[in-house]
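Tertiary structure, described
Residues per chain are reported as follows:
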Amino acid sequence: AGRKQRAAARRKAFSLFVKAKEVPAAARCPGGGEGVRWRCCRQAFEELPGIHRHVALHHSGDVGRQAGLGAGQAPAAGSPEGGPAPAGPEISWALPDTSHVSQEDLTSNVLFFLNIVFLFAYLCHAVGSQVGEVLLYYCYCEVRDPEKLCAWQKALCQHLHLTGKVRVASEGINGTVGGSKVATSLYIKVMLSQPLFKNILCQEDFKSSAGGAHCFPDLRVGVFKEIVPMGIDPKIVSYKETGIHLSPQEFHREVEQYLSQANQGQSDTILLDCRNFYESKIGHFQGCLAPDIRKFSYFPSYVDENLELFKDKRVLMYCTGGIRCERGSAYLRSKAVCREVYQLKGGIHKYLEEFPDGFYRGKLFVFDDRYAICSNEDIISACRYCGVLWDQYKLCSSQHCRQLVLTCPSCCNKGLTACCPVCQEKALKVTSRASGQTLKEECECTRRRPRVPIERVSPRMLDIGK
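Now for a quick tour of the structure. (Residues numbered from 1 in each chain as written. Predicted model: local features only at pLDDT ≥ 70, side-chain atom pairs only at ≥ 80, totals over all residues. Heavy atoms only, no water.)

**Focus: the overall build of the protein**
Summing up its helical and strand segments, the protein has 18 helices and 17 strands in all. The 466 residues of the protein split such that 49% are buried. Taking the intrachain contacts of the protein between residues at least 6 apart in sequence as the baseline, contacts between residues at least 24 apart amount to 69%. (Helix = DSSP H or I, 4+ residues; strand = E, 2+ residues; numbered from the N terminus. Buried < 20%, exposed > 50% of the residue type's maximum accessible area, 1.4 Å probe, protein only. Contact = heavy atoms within 4.5 Å.)

If you want it as structure tokens, here you go:
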């Protein structure tokens, strides 16, 4: 009987998952006919077997977790009727009242995008403020029941028609979601009223930028060991041991002083970019040290291999929104080699709100379909093929590769759309393979880059003031 019950719960969860990927009928095919009926993972599906096959291949885990909740395995603490919650701040299951809000106001951003998808790619910055926004936030706090918080987050985002990614762990929550401005405003209001985040999360912790639900392929909410994947057990290196937080104004003054001293060869400070190489490539603070690493999980090894670099130094750290600096500064402090460790509160996002033409030059990389947002007109990167100034990323055209590539329109028109010659050649060989097949990432770019670079820093290498 138990097996039949679980099978029934999984079938129901599968059906609900597919249902959640439906394209609104009004946006399917203005000229008549069905057209695209489902969208998931940046793919469009017109036939039911197609979306079924995709979900079975790529979302089995999501369906399984949803089935577990539906069968009553996890909601003992994760649903209103599941009994008493563990000791600690209670997680409210409240959802915002949207009876006064029209469906069009909640989903206008989605419909707008589906109707002018190609045009939007070029007009994003011009009309983004009119159609919606993307929120970025995190909150470190003790979460006694991550599964319950995850279930509530998923229900909240679906209720408000938000897309994006939310990571939940026993150490807190980290999210970036997109939707209409009405929806994101309600989301912030409910998050601030959540008892779990009381006196910890505030309005200033939410960073916003022009965008919307179209900036993400779908909604992904899950429970993880860390809310930012550094690869170190939070019990070993805790966010509670973080560096000293500096406001954007304080950080700006520190960078100004650092650049002045460094130009005279007198600086005892390192301005450290905690992001990945492809992020700092299109935008960074002047005079920074930007590690050539592909993932934040390589950051601890980078610190270990370059401890001598940080000995007796004052370190100013920064990242996109601040979350990587929380764990990164804690790890650096745990090595007991630095004189002082500081971090930019709110990250580059908050800095650019106050200093759009300050010491940060170029674009700010973001982890959604926009790839970057800008506050100044500087272009500091170049086309991979011809060297012309260019900073708009695309995914490598080879199916097996997930690298990002900077290739200008002229080179694109010549068919130069892969991240390296190896991928360019392989792209032709894999086109005949079945779509949806997952292939291991391998390319020249990955192989030739050291996993953890060892720095030999000089003032010239830091490119002071450029």
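**Focus on the sheet that holds strand β5 (residues 172-179)**
The strand order across the open sheet built from five strands is β6-β3-β5-β4-β7, with neighbouring strands paired in mixed fashion. In the strand order of this sheet, the two ends are held by β6 (207-210) and β7 (219-223), each with one partner. Taken pair by pair, the neighbouring strands of this sheet meet at an average axis angle of 10 degrees, ignoring direction. Both strand β3 (residues 133-140) and β5 contribute to a ladder of eight bridges, which runs antiparallel. Bridge pairing in β5 places cysteine 139 opposite isoleucine 173. The strands touched by helix α8 (residues 181-193) are β3 and β5; relative to β3, the strand with the most contacts, the crossing angle is about 15 degrees. Sitting on the sheet, helix α13 (residues 323-334) is in contact with β3 and β5, with an inclination near 30 degrees to β3. (Pairing = 2+ DSSP bridges. Axes fitted to C-alpha atoms, helices over the stretch in contact; angles between N-to-C directions.)

**Looking at α8**
Between its first and last C-alpha atoms α8 spans 18 Å; for 13 residues at 1.5 Å apiece the expected length is 18 Å, and the two agree. When we look at burial in α8, the residues that qualify are Ala183, Thr184, Leu186, Tyr187, Ile188, Val190 and Met191. (Expected span 1.5 Å × (residues − 1).)

**Focus on the packing of aromatic side chains**
Evaluated as defined, the whole model comprises 17 aromatic pairs. Note on phenylalanine 251 and phenylalanine 285: the rings are 5.5 Å apart at their centroids and 65 degrees apart in plane angle, and the pair reads as edge-to-face. Of this pair, phenylalanine 251 sits in helix α9 (residues 248-263) while phenylalanine 285 sits in strand β10 (residues 283-285), placing them 34 residues apart in sequence. Residue classification places phenylalanine 251 among the buried positions, given a relative accessible area of 0%. For phenylalanine 285, a relative accessible area of 0% puts it in the buried group. Ring plane angle 80 degrees and centroid distance 5.5 Å describe the contact between phenylalanine 277 and tyrosine 278, whose orientation is recorded as edge-to-face. Among the aromatic side chains, those forming a connected cluster through ring pairs are Phe251, Phe285, Tyr318, Tyr351, Phe355 and Tyr360. The residue whose ring lies beneath arginine 167 is phenylalanine 224, and the NZ or CZ to ring-centre distance is 3.9 Å. In this arrangement the basic side chain of arginine 384 is found over the ring face of tyrosine 385, its NZ or CZ atom lying 5.3 Å from the centre. (Phe/Tyr/Trp six-rings, centres within 6.5 Å; stacked < 30°, edge-to-face > 60°. Lys NZ or Arg CZ within 6 Å of the ring centre and 35° of its normal.)

**So, the packing of helix α7 (residues 146-159) against α8**
Packing of α7 against α8 leaves a shortest axis separation of 11 Å and a crossing angle of 155 degrees. Taken together, the axes of α7 and α8 lie roughly antiparallel to each other. For the element pair α7 and α8, the recorded crossing hand is right-handed. Each of Trp152, Gln153, Leu156 and Cys157 in α7 lies in contact with α8, whose residues at this interface are Tyr187, Val190 and Met191. The residue inventory of the contact of α7 with α8, partitioned by class, reads six nonpolar, one polar and no charged. (Parallel < 35°, antiparallel > 145°, perpendicular 65-115°, else oblique. Left-handed = near helix turned anticlockwise from the far one by under 90°. Nonpolar A, V, L, I, M, F, W, Y, C, P; charged D, E, K, R; others polar.)

**Details of the sheet that holds strand β11 (residues 314-318)**
Strand pairing in a sheet is mediated by backbone hydrogen bonds. Such pairs are either parallel or antiparallel. Ordered by their spatial adjacency, four strands build an open sheet running β8-β12-β11-β9, and the pairing between neighbours is parallel. Looking at strand neighbours, the two that pair on one side only are β8 (244-246) and β9 (269-273), the edges of this open sheet. Neighbouring strand axes in the sheet, compared pairwise and without regard to direction, differ in orientation by 25 degrees on average. Bridge count between β9 and β11: five bridges; the pairing is parallel. Paired with leucine 272 across the bridge in β11 is methionine 317.

**Describing the environment of proline 234**
Tracing the chain through its elements places proline 234 in the loop between β7 and β8. Along the sequence, proline 234 and alanine 169 sit 65 residues apart, while their C-alpha atoms lie 9.9 Å from each other.

**What about unusual backbone geometry?**
In this model, asparagine 199 sits at a positive phi of 65 degrees, which is unusual for a non-glycine residue. Although it is not a glycine, aspartate 312 sits at a positive phi angle of roughly 60 degrees. Relative to the helices and strands, aspartate 312 is located in the loop between α12 (307-310) and β11.

**Structural notes on the pattern of salt bridges**
On inspection of all chains with the given rule, the structure shows 18 salt bridges. Ionic pairing is found between lysine 335 and aspartate 304, a salt bridge with its closest N-O pair at 3.3 Å. Of this pair, lysine 335 sits in the loop between α13 and β12 (340-344) while aspartate 304 sits in helix α11 (residues 299-305); the two residues are 31 residues apart in sequence, bridging distant segments of the chain. Classification of lysine 335 as partly exposed rests on a relative accessible area of 29%. Residue aspartate 304 is classed as partly exposed on the basis of its relative accessible area of 36%. Two residues, arginine 370 and aspartate 368, come together in a salt bridge whose shortest N-O distance is 2.8 Å. Overall, the relative accessible area of 15% leaves arginine 370 in the buried class. For aspartate 368, a relative accessible area of 5% corresponds to the buried category. Among the charged side chains, a network of salt bridges with common partners joins Lys21, Asp218 and Arg220. (Salt bridge = Lys/Arg side-chain N within 4 Å of Asp/Glu carboxyl O.)

Scope: geometric values only; no functional claims are made or implied.
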